[in-house]
Amino acid sequence: MPILDLTPDELLSTTRSVKRRLDLTRPVPPELLEECVRLAVQAPTSTNSQTWHFVIVTDADTRAAVAGHYRTAWSTYADGHPPTEPRPDETPVGAASRHLAAHLHEVPALVIPCITGRPEGGSAPLLAELYGSVVQAAWSFQLAARARGLGSAWTTYHLDYEEQVAELVGIPFAEVTQVALIPVAYSIGTDFKPAARKPLESVLHWQRW
């Protein structure tokens, strides 16, 4: 797959959370996913510990089982509403979230970034080290995927069932923390734009808050 003609600024500002524009019919070559992971692990990691892992699930039965836990969690947060039925008060963001929950089992690749260690009882510095060592790598994975015409989304609903998902895919739950579930597929079109964001002056602080 050729690299998209994007400047670094365009890549950073147009890597969207893709939920309704994932091509559910087109397989993603394993070597393409490996390329993205190879770039992801170039991200900074605390004390150069390099304790991240990426579990890539492409087996249809396993994807369906993981998606089942995801849907159960999603429905809980949606007050028991099934993802197959629109809600009367649904926003575009809500509709995209519901669409992904309904179709997650069809996404050709589910990527689970993990880090060695558990967060339970950890101090703020230890948690910063734990998550800071893997979130950067996972975001680099998503940037690499976007550059190759792939869409992805950062999701965490499955973490309500982290231990069950760990058992499904063989992650040693007592030793390794999952931080997200990233569905990956070719995107339908690549013409993503920068998103609307709060004014810079509302989030940027010089010298003091």
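Residues numbered from 1 in each chain as written. Predicted model: local features only at pLDDT ≥ 70, side-chain atom pairs only at ≥ 80, totals over all residues. Heavy atoms only, no water.

Peer 1: Is there a simple way to think about helix α5 (residues 124–147) in this case?
Peer 2: Quick reminder: α-helices carry 3.6 residues per turn. Residues three or four places apart thus point the same way. For α5, built from 24 residues, the straight-helix expectation of 34 Å at 1.5 Å per residue is met to within 8% by its first-to-last C-alpha distance of 34 Å. Within α5, the axis deviates most sharply at Gly132, by approximately 25 degrees. Inspection of α5 places Leu130, Ser133, Val134, Ala137, Ala138, Phe141, Gln142, Leu143, Ala144, Ala145, Arg146 and Ala147 among the buried residues, and these make up the whole buried set. Where the residues of α5 are buried, they touch α1 (8–13), α2 (30–40), β1 (52–57), β2 (109–116), β3 (150–152) and β5 (182–186). Taken from the residues just after α5, Gly149 is the one with a positive phi, measuring 80 degrees. (Helix = DSSP H or I, 4+ residues; strand = E, 2+ residues; numbered from the N terminus. Expected span 1.5 Å × (residues − 1). Bend = angle between axes of the 7 residues up to and from the residue. Buried < 20%, exposed > 50% of the residue type's maximum accessible area, 1.4 Å probe, protein only. Contact = heavy atoms within 4.5 Å.)

Peer 1: Looking at this structure, I do not really get empty space enclosed by the protein. What am I missing?
Peer 2: Taking a probe equal in size to a water molecule and rolling it over the atoms shows the remaining empty space. If you walk through the whole model with that rule in mind, you get one cavity of 30 Å³ or more. Looking at the largest cavity, its volume works out to about 60 Å³. For the largest cavity, the full set of lining residues is Thr15, Arg16, Val18, Gln142, Arg146, Leu150, Gly151, Ser152, Ser187 and Phe192. Mapped by element, the contributors of at least two residues to the lining of the largest cavity are α5 and β3. Per-element accounting of the lining of the largest cavity gives the leading share, three residues, to β3. Its residues assigned to classes, the lining of the largest cavity shows three nonpolar, five polar and two charged. (1 Å grid on protein atoms, 1.4 Å probe; cavity = no way out; pocket = protein on both sides within 12 Å on 5 of 7 lines; lining within 4 Å. Points joined across faces, edges and corners; volume = space filled by probe spheres on them. Nonpolar A, V, L, I, M, F, W, Y, C, P; charged D, E, K, R; others polar.)

Peer 1: Would you explain the environment of Asp9 in this entry?
Peer 2: Positionally, Asp9 belongs in helix α1. Its relative accessible area of 59% is what places Asp9 among the exposed residues. Along the primary structure Asp9 and Gly80 are separated by 71 residues, whereas in three dimensions their C-alpha atoms are 40 Å apart.

Peer 1: Sorry if this is basic, but what is going on with the environment of Arg146 here?
Peer 2: The topology assignment puts Arg146 in helix α5. Once residues within four sequence positions are removed from consideration, Arg146 is found in contact with Leu4, Leu6, Leu11, Thr14, Thr15, Thr190 and Phe192.

Peer 1: Hey, could you run me through the pattern of salt bridges in this one?
Peer 2: Oppositely charged side chains are able to pair whenever their charged atoms sit close together. The final tally for this structure, using the stated rule, is seven salt bridges. Asp191 is paired through a salt bridge with Arg21; the nearest N and O atoms lie 2.6 Å apart. Of the two residues, Asp191 is situated in the segment after β5 and Arg21 in the loop between α1 and α2; the sequence distance between them amounts to 170 residues. In this structure Asp191 comes out as partly exposed when scored by relative accessible area, which is 49%. Across the pair Arg148 and Glu35 runs a salt bridge whose closest N-O atoms are separated by 2.8 Å. Here Glu35 lies in helix α2 and Arg148 lies in the loop between α5 and β3, a separation of 113 residues in the sequence. (Salt bridge = Lys/Arg side-chain N within 4 Å of Asp/Glu carboxyl O.)

Peer 1: Please explain the environment of Val107 as it appears in this structure.
Peer 2: Note that Val107 resides in the loop between α4 (92–103) and β2. On the basis of relative accessibility, which here comes to 1%, the residue Val107 falls in the buried class.

Peer 1: Hey, could you run me through the packing of aromatic side chains in this one?
Peer 2: To describe a pair of aromatic rings, you give the distance between the ring centres and the angle between the ring planes. The final tally for this structure, using the stated rule, is three aromatic pairs. Ring centres 5.4 Å apart and planes at 85 degrees place the aromatic pair Tyr70 and Tyr157 in the edge-to-face group. One end of the pair, Tyr70, is in helix α3 (residues 60–77); the other, Tyr157, is in the loop between β3 and α6 (162–169), and 87 residues separate them in sequence. According to the relative accessible area criterion, Tyr157 is partly exposed, its value standing at 25%. Through successive ring pairs, a cluster of aromatic residues spans Tyr70, Tyr77 and Tyr157. Above the plane of the ring of Tyr186 lies Arg26, whose end atom (NZ or CZ) is 3.5 Å from the centre. (Phe/Tyr/Trp six-rings, centres within 6.5 Å; stacked < 30°, edge-to-face > 60°. Lys NZ or Arg CZ within 6 Å of the ring centre and 35° of its normal.)

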